[in-house]
Amino acid sequence: MVQPKILLIIPAYNESEGIVQVINKVDEYRKKSDYLLDYVVINDGSTDHEEQVLRTNEINHIELIQNLGIGGAVQTGYKYALEKEYDIAIQYDGDGQHDIESLPFLIDPILTGMYDFTVGSRFLEESNSEFQSSTLRQAGIKILSFLIYMTSKIRIKDVTSGYRAANRKVISQFVERYPRQYPEPESYMHLFAKKIRVKEVGVRMFERETGTSSISLFKGMSYMISVSLAILFSAIMGGKKS
């Protein structure tokens, strides 16, 4: 039986301080894992010395000449996965938040053929994640989760989780269309419109080890309004196309 090829897509913007540690953990896992696992870092037009760090440490990466944002960076990774004919592509943050040991929980439901896409969640009972974000952000996540449920009748608790895995069908879909501004919550509407089989699984996450979040407290309200409108628009457009 041919082993499936698995790719970690690691978007990174100004992560020069911690990207080597993240890759070291990935390499340690690869040595003991039975998976045929590769990675690619997407340097999203970083303005620090991330590119120099990646080159010096011979880390496999793609350098974007300008900042495309998380959506554009991740879509670049999906294009790489499609071109290199990977069977599964996994989004994996470059800031140390995601637990590499939780990888099987994301991969196994896809390998069985029962699901096309999985999302790692901090909020399921089977999750052993001690880190669950701030109270304010948890409230925002619950609102977005409720909004997605109301428009799709499908419940995803950790809608902003960036720890996600896709099979070839979804990889191809994301290469053609992937939301740029609010990729995690908005992309679910595109997946549901295409009848993609999605499963939420419990994983472990940590507080980011380096850098700062792209969404500050002051941007939170604007983010909530904008992403809510994006979800509603995607639901309307998806309904018209179905």
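The rules behind these values
Position numbers for residues start from 1 in each chain and track the written sequence from start to end. Given that this is a predicted model, residues contribute local features only at a pLDDT of at least 70 and side-chain atom pairs are listed and counted only at 80 or more, while totals for whole chains, interfaces and linings are drawn from all residues. Heavy atoms throughout the structure, all of them, feed into the side-chain values; hydrogens and water do not. A run of H or I in DSSP counts as a helix once it spans at least four residues, and a run of E counts as a strand once it spans at least two, with each numbered from the N terminus. To sort residues, take the accessible area from a 1.4 Å probe on protein chains only and compare it with the maximum for the residue type: under 20% means buried, over 50% means exposed, and anything in between is partly exposed. Residue contacts are counted whenever heavy atoms from the two residues lie within 4.5 Å of one another. Note on areas: Shrake-Rupley, 1.4 Å probe, and residue coverage restricted to the protein chains presented here. In this analysis an axis means a line fitted to C-alpha atoms, helices contributing only their contacting stretch, and an angle means the value between N-to-C directions, from 0 to 180 degrees. Should the near helix be turned anticlockwise from the far one by less than a right angle, the crossing is left-handed, and should it be turned clockwise, the crossing is right-handed. The classification used treats Ala, Val, Leu, Ile, Met, Phe, Trp, Tyr, Cys and Pro as nonpolar, Asp, Glu, Lys and Arg as charged, and all other residues, Gly among them, as polar. Pairing of aromatic side chains here covers Phe, Tyr and the six-membered ring of Trp, requires ring centres within 6.5 Å, and sorts the geometry by plane angle: under 30 degrees stacked, over 60 edge-to-face, intermediate tilted. Consider the ring centre and the ring normal. A charge sits over the ring if Lys NZ or Arg CZ is within 6 Å of that centre and within 35 degrees of that normal. In this scheme, roughly parallel covers angles under 35 degrees and roughly antiparallel covers those over 145, while 65 to 115 is roughly perpendicular and the rest are oblique. By convention a nonpolar core is built from buried Ala, Val, Leu, Ile, Met, Phe, Trp, Tyr and Cys residues, the set being connected through side-chain atoms within 4.5 Å.

An unreviewed UniProt entry annotates the protein chain as Glycosyltransferase originating from Lactococcus hircilactis.

Describing the overall build of the protein chain
Scanning the protein chain from terminus to terminus reveals eight helices and seven strands. Split into buried and exposed, the 242 residues of the protein chain put 52% on the buried side. Excluding contacts between residues fewer than 6 apart, the proportion of contacts in the protein chain whose partners are at least 24 apart in sequence is 74%. On the protein chain, roughly 12,400 Å² of surface is accessible, and the fraction owed to carbon and sulfur atoms is 53%.

A look at the packing of helix α6 (residues 168–176) against helix α7 (residues 183–193)
Viewed as axis vectors pointing N to C, α6 and α7 meet at an angle of 115 degrees, and their least axial separation amounts to 12 Å. The way α6 lies across α7 gives a crossing that is right-handed. On α7, the residues touching V170, Q173 and F174 of α6 are S187, H190 and L191. Tallied by class, residues from the contact of α6 with α7 come to three nonpolar, three polar and no charged.

As for the packing of aromatic side chains
On inspection of all chains with the given rule, the structure shows seven aromatic pairs. Judged by centre distance (5.9 Å) and plane angle (90 degrees), the rings of F117 and F174 are edge-to-face. Taken as a pair, F117 in strand β5 (residues 117–121) and F174 in helix α6 lie far apart in primary sequence, 57 residues in all. With a centroid separation of 6.4 Å and an interplanar angle of 80 degrees, the aromatic rings of F117 and Y188 are classed as edge-to-face. In this pair, F117 sits in strand β5 while Y188 sits in helix α7, placing the two residues 71 residues apart along the sequence. Exposure class is identical for F117 and Y188. Each is buried. Three or more aromatic residues joined by ring pairs make a cluster, and in this case those are Y78, F117, F174, Y178, Y188 and F192. Between K153 and the ring centre of Y149, over which it is positioned, the NZ or CZ distance is 5.6 Å.

Some words on the side chain of D93
Tracing the backbone through its elements, the reader meets D93 in the loop between β4 (88–91) and α4 (103–111). In contact with D93, not counting residues within four places along its chain, are I10, P11, V22, H98 and G162.

A short note on the packing of helix α3 (residues 69–83) against α6
Where α3 meets α6, the closest approach of the two axes is 9 Å, and the angle between their N-to-C directions is 130 degrees. Between α3 and α6, the angle falls in the class oblique. You can see that α3 and α6 cross each other, and the crossing is left-handed. Between α3, through Q75, Y78, K79, A81 and L82, and α6, the contact on the second element is made entirely by I171, S172, F174, V175 and E176. Partitioning the contact of α3 with α6 into residue classes produces six nonpolar, two polar and two charged.

Examining the nonpolar core
In globular proteins that are soluble, nonpolar side chains generally tend to be buried together. Counting 33 residues, the largest nonpolar core has Y78, F117, Y188, L191 and V198 as its most contacted members. Elements that contribute at least two residues to this core include exactly β1 (5–12), β2 (36–44), α3, β5, α5 (135–152), α6 and α7. With five residues, the single largest contributor to this core is α3. When sequence neighbours within four positions are dropped, the list of residues in contact with Y78 reads I9, A89, Q91, F117, A166, I171, F174, V175 and Y178.

Things to note about unusual backbone geometry
In this model, E85 sits at a positive phi of 60 degrees, which is unusual for a non-glycine residue. Looking at the element boundaries, E85 is found in the loop between α3 and β4. Residue classification places E85 among the exposed positions, given a relative accessible area of 55%. With a phi angle near 65 degrees, K153 is a residue other than glycine that sits in the positive phi range.

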